[in-house]
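Residue-level listing of the chains:
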Amino acid sequence: MWRVVHAGASAVKRGGDVDRLIERIGAANNRVIDWRTLDAHGVGHRAIEHRVAIARLHRCHAGVYLLDPPQQASRLTLLTAAVAACGPDAVLSHASAAELWGFLPARPAPIDVTVIGRNPGERPGIRRHRTRTLEPGEVRTRHRIRITSPARTIVDNASERELEQLVATALASELVTARQIEREIARCPTRHGVGRLNAVLHQQGGPRWTRSWGERRILSLIRQAGLPVPETNYPMFGYVLDAFWPDHGLVVEVDGYKFHGGRKSFEDDRARDARLVAAGYRVIRFTARQLAEQPLVVIGRLAAALALTTRQAA
């Protein structure tokens, strides 16, 4: 048992053994250690509190400690601590799981954790979710953290505002397939948002990844008009094209101030257009204002351009 019970040199030696034990266990768990693990190795309450007092351990949640001060802890450490604070059956879930899988960027919001059945109680900085059950296939381990599977994570985020972006990113990562998402939907068909998720999966052209409101707007107009859905953010000649129809040799770029403002951006855009035209592609540009105020004009120009390239190919 690793207990410091005597004074003098013996206690110093035992204390050093305890510190090495804590460092080794914490280092193997994203620099997080909880009281259950410490207790299992014979490190008692007084020894823990002593190390908190001298800043060798840092309390993050009730019964959960970090090897580093919380303000210096990595995001991975904080995610690990949040799951540990909710018990051994807890899993990282919802937006926080999407973050760890790489489907969503990190957010300053509370960390999402799901537990089975019981009420885990209040935990500052943690948003708790309860579920009656999690199937074995719905739980994975990533970076040493228990986490919902990619498919379950997507279903849990079915109410996400930028759902198409989330799904497109997930599918592009090859961590999940559309079929796996469909099977997860079938497990919980009445969950809030799954109807919308199903629609995103099966919409014309499938989920598309976009970078801006303008790109999302033109994609929406194209689908509403029943026009062929383009590839989005397509790499070519060292550029990333907003929308590209390979079979039609047509490129569409959306000009918004954020991405195309200023003289240099203007000149870079024209150099890009010249390179594409020289390679045999047609380039059309729309402004964000046109997309917002003149949607019929935009669709009319697009339809004409697609019809023209279809006739030329015939």
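Predicted model only: the values in this text are computed from it and were never measured.

Scoring rules and cut-offs
Residues numbered from 1 in each chain as written. Predicted model: local features only at pLDDT ≥ 70, side-chain atom pairs only at ≥ 80, totals over all residues. Heavy atoms only, no water. Pairing = 2+ DSSP bridges. Helix = DSSP H or I, 4+ residues; strand = E, 2+ residues; numbered from the N terminus. Salt bridge = Lys/Arg side-chain N within 4 Å of Asp/Glu carboxyl O. Buried < 20%, exposed > 50% of the residue type's maximum accessible area, 1.4 Å probe, protein only. Contact = heavy atoms within 4.5 Å. 1 Å grid on protein atoms, 1.4 Å probe; cavity = no way out; pocket = protein on both sides within 12 Å on 5 of 7 lines; lining within 4 Å. Points joined across faces, edges and corners; volume = space filled by probe spheres on them. Nonpolar A, V, L, I, M, F, W, Y, C, P; charged D, E, K, R; others polar. Axes fitted to C-alpha atoms, helices over the stretch in contact; angles between N-to-C directions. pLDDT = per-residue confidence, 0-100.

Caption draft 1: Summary view of the pairing of strand 9 (residues 231-236). Here strand 9 pairs with strand 10 (residues 239-245) via 5 bridges, running antiparallel. The residue of strand 10 that forms the bridge with Thr 232 is Ala 243.

Caption draft 2: Layout of the pattern of salt bridges. For the structure on display, the rule yields 24 salt bridges. For Glu 164, the salt bridge identified is with Arg 223, shortest N-O distance 2.9 Å. A residue pair is termed long-range when its members are at least 10 positions apart, and Glu 164 in helix 7 (residues 163-173) and Arg 223 in helix 10 (residues 213-225) qualify at 59 residues. Look at Arg 223 and you get buried, because its relative accessible area is 16%. When salt bridges that share partners are traced, they join Glu 138, Arg 152, Asp 156, Glu 184, Arg 187 and Arg 191 into one network.

Caption draft 3: The arrangement of the side chain of Ser 149 in detail. Tracing the backbone shows Ser 149 in the loop between strand 8 (145-148) and helix 6 (150-156). Judged by its relative accessible area of 3%, Ser 149 is buried. Look past the residues within four positions of Ser 149 in its chain and what remains in contact with it is Trp 101, Gly 137, Glu 138, Val 139 and Arg 140.

Caption draft 4: Region of the structure containing the pairing of strand 10. Extensive coverage of strand 10 is indicated by the burial of 5 of its 7 residues. Between strand 9 and strand 10, which follow one another and run antiparallel, lie 2 residues, and Phe 237 among them has a positive phi close to 55°. Pairing analysis gives 3 bridges linking strand 10 to strand 11 (residues 250-255), with the strands arranged antiparallel. Residue pairing for strand 11: Trp 245 is matched across the bridge by Leu 250.

Caption draft 5: Region of interest: empty space enclosed by the protein. For the structure on display, the rule yields 1 cavity of 30 Å³ or more. Lining the largest cavity, in full, are Glu 215, Ile 218, Thr 232, Asp 242, Ala 243 and Val 254. Those elements that place two or more of their residues in the lining of the largest cavity are helix 10 and strand 10. Looking at the lining of the largest cavity, its residues break down into 3 nonpolar, 1 polar and 2 charged.

Caption draft 6: Fine view of the sheet that holds strand 11. Spatially, the 4 strands line up as an open sheet ordered 9-10-11-12, and their pairing is mixed. Each end of this open sheet is capped by a strand with a single partner; those strands are strand 9 and strand 12 (282-287). Averaged over all pairs of adjacent strands, the angle between strand axes in this sheet comes to 45°, irrespective of strand direction. Strands strand 9, strand 10, strand 11 and strand 12 of the sheet are contacted by helix 10, whose axis makes an angle of about 130° with strand 11.

Caption draft 7: Region of interest: the sheet that holds strand 3 (residues 64-66). One open sheet accounts for 3 strands, arranged 1-3-2; its pairing is antiparallel. Where the open sheet ends on each side, the last strands, each with one partner, are strand 1 (32-34) and strand 2 (58-61). Going from strand to strand, the sheet's axes swing by 40° on average, the running direction of each strand aside. Pairing of strand 2 with strand 3, which is carried by 3 bridges, proceeds in the antiparallel orientation. Across the sheet, residue His 58 finds its bridge partner in strand 3, namely Leu 66. Sheet contacts for helix 4 (residues 75-85): strand 1, strand 2 and strand 3; angle to strand 3, the most-contacted strand, approximately 165°.

Caption draft 8: Broad picture of the confidence of the model for the protein. With 89% of its residues at a pLDDT of at least 70, the protein reaches an overall mean of 88. Throughout residues 1-13 the model reports pLDDT below 50, and contacts reaching past four residues in sequence, or to other chains, amount to 16 contacts.

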